[in-house]
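Descriptive analysis of the structure
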Amino acid sequence: MRPLLRAATLLLAAGPVLTGCVSSFMVPGPEETGSTAAPSPEPSSPAPSPTPFAGTVAMRDFSFEPADLTVRPGTVVTVTNTGTTPHTLTAQDGTFDTGPVAPGATATVTAPSQPGASSYLCAFHHFMRGTLTVS
Ligand SMILES: [Cu+2]
């Protein structure tokens, strides 16, 4: 009986320590190293990037990213709502309009066929503004 009691006492004494160890091992690491944002220095190339045939604009809460986009005539611009509330990308002159885009949804607008700049806004949040330039 005596040795058994002693063992039990030892176990009890070691219990909290063991538990602490185990629990620290069991904690699932939520910090996934998914962000591979390598701080690679961007070379400052003086060459202007060519006007793209495709473009994307993200709707955020509450801004467009990028707010100013330059594309070629007739370019189909993909607009994705990465925010949490519906937004629109609406040309002030009515040339193009996504209509309401739900959070997580994607819409497209076709850039005008003539060179020029079209300012646009969000019909719901008039302070969300941007410019689509065709050149
Ligand atoms: Cu909006």
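Relevant structure appears above.
To keep things clear, this report deals only with the structure shown in the data block. (Residues numbered from 1 in each chain as written. Predicted model: local features only at pLDDT ≥ 70, side-chain atom pairs only at ≥ 80, totals over all residues. Heavy atoms only, no water.)

1. As for the sheet that holds strand β5 (residues 90-91)
The strand order across the open sheet built from 4 strands is β3-β8-β7-β5, with neighbouring strands paired in mixed fashion. Since the sheet does not close on itself, it has two edges, and those belong to β3 (68-71) and β5, each with one partner. Pairing of β5 with strand β7 (residues 116-121), which is carried by 2 bridges, proceeds in the antiparallel orientation. Following the sheet pairing, alanine 91 is matched in β7 by tyrosine 120. (Pairing = 2+ DSSP bridges. Helix = DSSP H or I, 4+ residues; strand = E, 2+ residues; numbered from the N terminus.)

2. Let's talk about the coordination of the copper ion
Coordination of the copper ion by the protein comes from His87 (ND1), Cys122 (SG), His125 (ND1) and Met128 (SD), over a distance range of 1.9 to 2.8 Å. Metal-centred angles of 88 to 134 degrees between the 4 donor atoms at the copper ion mark the site as tetrahedral. Along the chain, the residues donating to the copper ion are arranged with the sequence spacing H-x34-C-x2-H-x2-M. Of this pair, histidine 87 sits in the loop between β4 (76-81) and β5 while histidine 125 sits in the loop between β7 and β8 (129-134); the two residues are 38 residues apart in sequence, bridging distant segments of the chain. Summarising the burial analysis for this pair, histidine 87 and histidine 125 share the class buried. (Donors = N, O, S within 2.8 Å, 3.2 Å for Na, K, Ca; no water. Tetrahedral: all angles 85-135°; square planar, octahedral: opposite > 155°, others 65-115°. Buried < 20%, exposed > 50% of the residue type's maximum accessible area, 1.4 Å probe, protein only.)

3. Some thoughts on the nonpolar core
In terms of nonpolar packing, the biggest core is built from 19 residues, with Phe64, Val77, Leu89 and Leu132 touching the most fellow members. When residues of this core are traced back to their parent elements, those giving at least two are β1 (54-60), β3, β4, β6 (106-110) and β8. In this structure, valine 77 is in contact with Gly55, Thr56, Val57, Leu69, Val71, Ala107, Thr108, Val109 and Leu132, ignoring residues within four places of it in sequence. (Core = buried A, V, L, I, M, F, W, Y, C linked by side-chain atoms within 4.5 Å. Contact = heavy atoms within 4.5 Å.)

4. Focus: the sheet that holds strand β2 (residues 63-65)
Sheets are built from strands paired through backbone hydrogen bonds, the pairs being either parallel or antiparallel. Taken in spatial order, the 4 strands of this open sheet run β2-β1-β4-β6, and their pairing is mixed. The open sheet is flanked by β2 and β6, the only strands paired with a single partner. Ignoring strand direction, the axes of neighbouring strands in this sheet form an average angle of 25 degrees. Looking at chain direction, β1 and β2 are connected through 3 bridges and run antiparallel. Within the sheet, the bridge partner assigned to methionine 59 lies in β2 and is phenylalanine 64. (Axes fitted to C-alpha atoms, helices over the stretch in contact; angles between N-to-C directions.)

Function cannot be read off these values alone, since they describe shape.
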